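# Structure assessment
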Amino acid sequence: MEETSCNIIRFVRNKDLSRKTEAVVFDSCSCVKIEPTGSEGRYSIGFYTIRIVGGLVEIRDNNDNLLFREIEFKTQKDRAIWSHVLVEDARLYGFGGKDGPLDKRKWRRIVLRNTDPTMRYRSPEADPLYLNIPFYIMAKKGYAVGVYIDSPSYMEVHIDKKKGVITVEKIGTDLDVYIILGSSVKEVLDGYVKITGKPYMPPLWALGFHQSKWSYKSEEEVMFIAKKFREYNIPCDAIHLDIDYMDGFKPFTWHPGRFPNPKHMIEQLHSMGFKVVVIVDPYIKIDDRDKLFLEGINKDYFVKDKKGGIFVARGWPGKSAMPNFLREEVRKWWGELYLRFYREYGVDGFKNDMNEPSTETRLRSYLGLGVKPKNMVFCRNGECLEIEKVGNIYALLECMGVYSTLRKTGRRFFILSRSGFAGIQRYSANWTGDIWSTWRHIRASVSMLLNMSLSGLFFIGADIGGFFPPFKKTNRKLYLRWIQLGVFYPFMRAHYAKARPPQEPWCFGKEALEIARRYIELRYSLLPYIYSLFRRAHIDGELIFRPLFYDFPYDEKAYDIDDQFMFGPSILVAPILHRKDQREIYLPGGYWLDYWSGEVYSGPKSISYTADLSIIPIFVRDGGILVFQEPQRYVGEKKVEKYDILVFSKERAGEFVIYEDDGISYDFERGIYTETKIMASPTQIQIKILHRGYEGVQHLRLRIFMEMKPKEVILDDSKYRFSYHDRWLEIETTKTNHEIRIEI
């Protein structure tokens, strides 16, 4: 065993210690190799003591408090069964894309098997869904322990609430576990992203508004939608093309009738400020005349069946072969197809769909019938593994190959994936799949995205307005409440299915259009704040969409709230998630500023809040600093000249780092970026340039909440002009090092 002072402990059974999945990027942790016959030992690592008794691990801190204890490990046939203690009163979070209560201790059984739920998703608590991650956090006030099982095999987790026991049953007799110790969920997540990697830095435009449909069927329809956005002055950066853009649903093709000149269409959209995102499914049509199929056959690139032949899926093109992404050369081949498609047509992003992998697209799939993936076999390096042992990693490996190849261009692409595994955050955004247009599902999107965040995913969202069911239009109120909520999804996209009435912002009446436009403009105003949050995530692994207990770990009540969230460190969002225009809102300790009314609340307290259809309740935390810009119709429409900095520091000091780069290249990795720290206390503001490598915005307007008009403002030891109106102090200055003192 290697002794270090880190808080990550790895132990393995029935597996070589040097073997890891592609999800893991981290090496510097303590490792305990547990032999199947049992072993004994006692180790001290930093603040922790590890005891191994009868081959089972127990971890305590230096005060002899129990942090983690195994109860049993055994193998049965080709399965490993492993049990450990769930500490009393500890909640349970994580597991990937899961709905239901945020605290999964309330569930008895959790299935970790990436799958397309089809019609089962009409219940938002359907399990499993598209994206499952074998990582979970046990947490309560003063206690947090994370468990990551490094295996892509299918698993089931059973929770015995009465006994306080978690039992994991997985395919395969090996067990490779990372135990992450910490005093808070934030510390545990810091450890988890060290293991599986921090999120990639997306292009700035990808943080704008996306409009999508299954499908905009022709060039004429796409251009109509684009012109409507610009005619109504609704900000939008991306239009998504779904499967009907393809010729016979074959990837990397264009339908010759519906999209006769795709390159020209994309050039037109670019001239209007739109980016184009196209869907790609992992289906290669089985056709001896198809060059892609013949190349895959000749190079043995496809998934096999249990008899050694090609596994035949029923994909959108019909009978289809599926690439075997477990092989590195197949991932490179697949990525080169994306690169070629980009170079020929100029597309800006890719949506990797149906990559659970889903093996049936016909109507029968909605009835639970058709081709099942259970017959899939993945061979590499002379070893063939059935899907039960490796299926959950399929989407991760696909996105890994795509990202790595597209990176050669020096340009950041937007990549979106429906499925995923631990580490997918390094390559792709994710969303909650084909969510339904119901109040149950909009509420479910909050708890689901919170658990995705707590599973190490950062660039996440849900289909605004809801995707399904066919023939039913999202009602006006639900759509507007979803648009308001979507402003604070890290990934903001509206998407809906064919055979539904139109669901673009102008389809719900004039008043709804004005409200939708105002909130999408709010998203664009907040882009400097949001982009800076993504930088913090990329560098430090700091969550963007976060539960209250992430920022308030000592507030016991915060651990059970799953219909509110923090958007970065400064904004608390309490969306309206039902038909009524009223809800109860919990405000943790400290002062809170109602963003709309300017009223100040003192927490901890619960308040009854009424919000008409034009309002989503949002609050600025004491010490909060927000960064705004003038909204644009799309990123880069015009040069941003000034940032508005909102400062609310009544009692608590705060700080925020504004990040700027070109928004599209990887030049920031060579130091071509600028970071500006704003530090605020009730009577003092400091502006400090941390790094200046990019020419960003040069002017700042500080808007500081002050309940009394100040006597004077001192800027760098000299009196400075200011204005004061309705409890807001305004100061305009340049973005350079400054000390500002406010005399009350």
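Structure report, in brief. Each chain carries its own residue numbering, running from 1 in the direction its sequence is written. In view of the model being predicted, local features appear only for residues whose pLDDT reaches at least 70, and side-chain atom pairs are presented and counted only at 80 or more, with totals across whole chains, interfaces and linings using the full set of residues. Only hydrogens and water are set aside; all other atoms, that is, all heavy atoms of the structure, feed into the side-chain values.

Note that a disulfide, as used here, is simply two cysteine sulfur atoms within 2.5 Å. The final tally for this structure, using the stated rule, is one disulfide. Here Cys379 engages in a disulfide with Cys384; their sulfurs sit 2.1 Å apart. Disulfide Cys379-Cys384: the torsion about the S-S bond is 110°, which places it as right-handed. Accessibility here uses a 1.4 Å probe with only protein chains present; expressed as a share of the type maximum, an area under 20% marks a residue as buried, one over 50% as exposed, and anything in between as partly exposed. A residue is classified by how much of its surface remains accessible, and Cys384, at 48% relative accessible area, is partly exposed. Here Cys236 stays free of any disulfide, with the sulfur of Cys507 as its closest cysteine sulfur at 13 Å.

This paragraph deals with the side chain of Asp99. Position of Asp99 among the secondary structure elements: in the loop between strand 8 (91–96) and strand 9 (109–112). Comment: no salt bridge for buried Asp99; closest opposite-charge side chain is Lys104, at 6.5 Å. A polar atom in the side chain of Asp99 sits 3.1 Å from the side chain of Ser447. Pairs of residues are marked as contacts when any of their non-hydrogen atoms sit within 4.5 Å. In contact with Asp99, other than residues within four places in its own chain, are Lys104, Trp107, Pro124, Glu125, Ala444, Ser447 and Met448. Each helix corresponds to a stretch of at least 4 residues labelled H or I by DSSP, and each strand to a stretch of at least 2 residues labelled E; elements are numbered beginning at the N terminus. Note that His is not counted, nor are the chain ends; the positive residues are Lys and Arg, and the negative ones are Asp and Glu. The term salt bridge refers to a side-chain nitrogen of Lys or Arg lying within 4 Å of a carboxyl oxygen of Asp or Glu. N or O atoms within 3.5 Å of each other form a polar contact, as long as, within protein, one can give a hydrogen and the other can take it, and as long as residues adjacent in sequence are counted only when both atoms are side-chain atoms.

Attention now moves to the pattern of salt bridges. Scanning all chains against the criterion turns up 59 salt bridges. Notably, a salt bridge pairs Lys332 with Glu328, separated by 3.7 Å at the nearest N-O pair. Highlighted residues: Lys332 and Glu328, both in helix 5 (residues 328–345), separated by four residues, approximately one helical turn. Of the charged contacts, one joins Asp562 and Arg443 as a salt bridge, the two residues approaching to 3.3 Å between their closest N and O atoms. With Asp562 in the loop between helix 12 (548–551) and strand 30 (565–567) and Arg443 in helix 8 (residues 439–453), the pair connects residues that are 119 residues apart, well separated along the chain. Taking the relative accessible area as the measure of exposure, Asp562 reaches 12% and is therefore buried. What emerges from the salt-bridge pattern is a single network uniting Asp116, Asp353, Glu356, Arg418 and Asp434.

The axes used here are C-alpha line fits, helices contributing only the stretch in contact, and every angle between their N-to-C directions lies in the interval 0 to 180 degrees. The N-to-C vectors of helix 10 (residues 510–525) and helix 11 (residues 527–540) enclose an angle of 55°; their axes lie 5 Å apart at closest approach. Judged by the angle between their axes, helix 10 and helix 11 are oblique. Along its contact with helix 10, which presents Arg523, Tyr524 and Ser525, the element helix 11 presents Leu527, Pro528 and Ile530. Considering only residue class, the contact of helix 10 with helix 11 consists of four nonpolar, one polar and one charged. Each angle is binned into one of four classes, with values under 35 degrees roughly parallel, values over 145 roughly antiparallel, values of 65 to 115 roughly perpendicular, and all other values oblique. Under this grouping Gly is polar, as are all residues other than the nonpolar Ala, Val, Leu, Ile, Met, Phe, Trp, Tyr, Cys and Pro and the charged Asp, Glu, Lys and Arg.

To describe two helices that pack against each other, one gives the angle between their axes and the distance between the axes. Following both chains from N to C, one finds helix 2 (residues 219–231) and helix 3 (residues 262–271) inclined at 0°, their axes separated by 11 Å at the closest point. With respect to helix 3, the axis of helix 2 lies roughly parallel. Between helix 2, through Glu219, Val222, Met223 and Ala226, and helix 3, the contact on the second element is made entirely by Met265, Gln268 and Leu269. Here the contact of helix 2 with helix 3 is composed, by residue class, of five nonpolar, one polar and one charged.

Now for the packing of aromatic side chains. Under the pairing criterion, centres of Phe, Tyr and Trp rings, with the six-membered ring standing for Trp, must be within 6.5 Å; the plane angle then separates stacked pairs below 30 degrees from edge-to-face pairs above 60, leaving the rest tilted. Taken as a whole, this structure holds 58 aromatic pairs when the rule is applied. Ring centres of Tyr519 and Trp596 lie 6.0 Å apart, and the angle between their planes is 65°; on these two criteria the pair is classed as edge-to-face. Of this pair, Tyr519 sits in helix 10 while Trp596 sits in the loop between strand 32 (582–594) and strand 33 (600–610), and the two are 77 residues apart along the sequence. A relative accessible area of 35% places Trp596 in the partly exposed class. Consider the ring centre and the ring normal. A charge sits over the ring if Lys NZ or Arg CZ is within 6 Å of that centre and within 35 degrees of that normal. Cation over ring: Lys650 sits above Tyr591, and NZ or CZ is 5.0 Å from the ring centre. Seen from the ring of Trp728, Arg703 lies directly overhead, with NZ or CZ sitting 4.6 Å from the centre.

A few words now on the sheet that holds strand 9. Read from one edge to the other, the open sheet built from eight strands follows the order 3-4-5-6-7-13-12-9, with strand pairing classed as antiparallel. With one partner strand each, in any of the chains shown, strand 3 (41–45) and strand 9 form the two edges of the open sheet. Going across the sheet, the axis of each strand differs from the next one's by a mean of 15°, ignoring polarity. Note: strand 6 (residues 66–76) against strand 7 (residues 79–85), six bridges, orientation antiparallel. Note that in strand 7 the partner of Glu72 across the bridge is Ser83. Only when DSSP finds a minimum of two bridges between them are two strands counted as paired.

Our next topic: the environment of Glu187. The topology assignment puts Glu187 in helix 1 (residues 185–196). In this structure Glu187 comes out as partly exposed when scored by relative accessible area, which is 35%. Each C-alpha atom of the pair Glu187 and Lys299 lies 46 Å from the other, and the pair is 112 residues apart in sequence. Those residues within four positions of Glu187 in sequence are excluded, and the remaining contacts are Asn7 and Gly182. Among the polar contacts made by the side chain of Glu187, one reaches the side chain of Ser183 at a distance of 2.8 Å.

Attention now moves to the pairing of strand 38 (residues 674–681). Within strand 38, seven of the eight residues are buried, leaving the element largely enclosed by the surrounding structure. Pairing of strand 38 with strand 39 (residues 684–692), which is carried by eight bridges, proceeds in the antiparallel orientation. Bridged to Glu675 within strand 39 is His691. In this antiparallel pair of consecutive strands, strand 38 and strand 39, the connection spans two residues.

Within a regular strand, side chains alternate between the sheet's two faces. Within strand 35 (residues 624–628), five of the five residues are buried, which leaves it mostly tucked inside the rest of the structure. Neither face of strand 35 is exposed, since Gly624, Leu626 and Phe628 on one face and Ile625 and Val627 on the opposite face are all buried. In this structure, strand 35 lies alongside strand 36 (residues 642–648), joined through five bridges in antiparallel fashion. Bridge pairing in strand 36 links Leu626 to Leu646.

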